[in-house]
Amino acid sequence: MAHPNTERLTEYWRARAGAFSAPARIDIDPTEFIDLLPQVLIVGRREAGDLPFRLIGGLIADLHQRDLRGVNLLSLWADADRAALRLALEQVRRRPEPLIITGEIRTDVDVKVGLEMMLAPLVGVTGVIDRYLGLYQPLGMTARLMGHSVQTLKLLNLSRCGEEGPRLRLAAVDGRRIA
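Reading the values: rules and limits
Every chain is numbered on its own, with residues counted from 1 as its sequence reads. Given that the model is predicted, a residue must reach a pLDDT of at least 70 before its local features are reported, and side-chain atom pairs must reach 80 or more before they are shown or counted; all residues, however, enter totals for whole chains, interfaces and linings. With hydrogens and water set aside, each side-chain value is computed from the structure's full complement of heavy atoms. Numbering of helices and strands runs from the N terminus; a helix is a DSSP stretch of H or I covering at least four residues, while a strand is a stretch of E covering at least two. What makes two residues a contact is simply this: any of their non-hydrogen atoms within 4.5 Å. Under the convention used throughout, the expected extent of a helix is 1.5 Å for every residue step, that is, one less than its residue count. To sort residues, take the accessible area from a 1.4 Å probe on protein chains only and compare it with the maximum for the residue type: under 20% means buried, over 50% means exposed, and anything in between is partly exposed. To obtain the arc, one takes the directions from the helix axis to the C-beta atoms. Residues belong to one nonpolar core when they are buried, are Ala, Val, Leu, Ile, Met, Phe, Trp, Tyr or Cys, and are joined through side-chain atoms within 4.5 Å. The pairing criterion is simple: DSSP has to find at least two bridges between the two strands. Between the N-to-C directions of two axes lies an angle of 0 to 180 degrees, each axis being a line fitted to C-alpha atoms and, for a helix, fitted only over the stretch in contact. Polar contacts, as counted here, are pairs of nitrogen or oxygen atoms within 3.5 Å of one another; within protein the pair requires one atom able to donate a hydrogen and one able to accept it, and residues that are adjacent in sequence qualify only if both atoms are side-chain atoms.

Engineer: Tell me about the overall build of the chain, residues and numbers included.
Structural biologist: Regarding its fold elements, the chain presents three helices and eight strands. Going from N to C terminus, the chain has its helices and strands arranged as α-β-β-α-α-β-β-β-β-β-β. Long-range contacts, defined here as pairs at least 24 residues apart, represent 57% of the contacts in the chain between residues at least 6 apart.

Engineer: Pulling in residues and values, what's your account of helix H1 (residues 4–17)?
Structural biologist: Helix length check: H1, at 14 residues, gives a terminal C-alpha distance of 20 Å against a target of 20 Å (1.5 Å per residue), a fit within 8%. Regarding H1, the residues found buried are Asn5, Thr6, Leu9, Thr10, Tyr12, Trp13 and Ala17. An end-on view of H1 places all buried positions within 155 degrees of arc, on one side of the element. Residues of H1 that are exposed and point more than 90 degrees away from the buried face comprise Pro4 and Ala15. Packing partners of the buried residues in H1 comprise strand S3 (99–107), strand S4 (112–123) and strand S5 (129–138).

Engineer: Break down the nonpolar core for me, citing the residues and quoting the values.
Structural biologist: With 33 residues, the main nonpolar core has Phe53, Leu73, Trp77, Leu89, Met117, Tyr136 and Leu153 as its most contacted residues. Counting only elements with at least two residues in this core, the list comes to strand S1 (40–44), strand S2 (53–56), helix H2 (58–64), helix H3 (82–94), S3, S4, S5 and strand S6 (150–160). Residues contacting Met117, with those up to four places away along its chain left out, are Leu73, Trp77, Leu99, Ile100, Ile101, Leu135, Tyr136 and Leu153.

Engineer: Mind laying out unusual backbone geometry, listing which residues take part and the relevant values?
Structural biologist: Even without glycine at this site, Gln65 takes up a positive phi of about 55 degrees. Even without being glycine, Asp110 reaches a positive phi, approximately 60 degrees. Note on placement: Asp110 falls in the loop between S3 and S4.

Engineer: How would you sum up the sheet that holds S5? Please name residues and give values.
Structural biologist: The strand order S2-S1-S5-S4-S3-S6 describes an open sheet built from six strands, whose pairing is antiparallel. Looking at which strands have only one partner, the edges of the open sheet turn out to be S2 and S6. Ignoring strand direction, the axes of neighbouring strands in this sheet form an average angle of 25 degrees. Pairing of S1 with S2, which is carried by three bridges, proceeds in the antiparallel orientation. By the bridge assignment, Ile42 is partnered in S2 with Leu55. On top of the sheet, H3 reaches S3, S4, S5 and S6; it is set at about 45 degrees to S6, its chief contact.

Engineer: Can you lay out the environment of Leu115 for me, pointing to particular residues and giving the numbers?
Structural biologist: Along the chain, the position of Leu115 falls in strand S4. Judged by relative accessible area, which is 0%, Leu115 ranks as buried. Sequence-wise, Leu115 and Leu153 are 38 residues apart; in three dimensions their C-alpha atoms are separated by 8.4 Å. Those residues within four positions of Leu115 in sequence are excluded, and the remaining contacts are Trp77, Ile101, Thr102, Gly103, Glu104, Ile105, Tyr136, Gln137, Pro138, Leu139 and Leu153.

Engineer: Let's hear about the side chain of Asn5: which residues, and what values?
Structural biologist: When you line up the elements, Asn5 lands in helix H1. Side-chain polar atoms of Asn5 contact the side chain of Gln137, separated by 2.8 Å. When residues no more than four places from it in sequence are discounted, the contact partners of Asn5 are Leu36, Gln39, Leu135 and Gln137.

Now the structure itself:
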């Protein structure tokens, strides 16, 4: 189950897409989710794996203690996670749907806070998907991170928005269902 802020921005993206596979960048109006702006980001796409931040909210800049504009999104993630993230972003570009990334924010002193990041494709002026609208949603107290340098983001799970979660199974002991 996604964080309510993630669900909100995802529903906004879906409403803007309408009958199209993905909304155009020009159809996104930040004043309609102004309270989320500190956590909102836009990532460009020049080619596969070249994903520079175009816009970042204040909370993101504060947590990373720098302006990330122009920095490749993949460079924030642990080396071992970059290929999977790159592939997932290319897949949602071909079949537009928001991508939900569950992970951890890790600092220089091994403080960890959960993270949910949503990235949803946007159509640019050329008519092709050339950027992603995103939300950087910490899943814990960000005060624990302040004053510490974010070293890396660790990927725990990738899912396309709207995919079913793991199916529940029945468990039985001596023929009696217990769960």
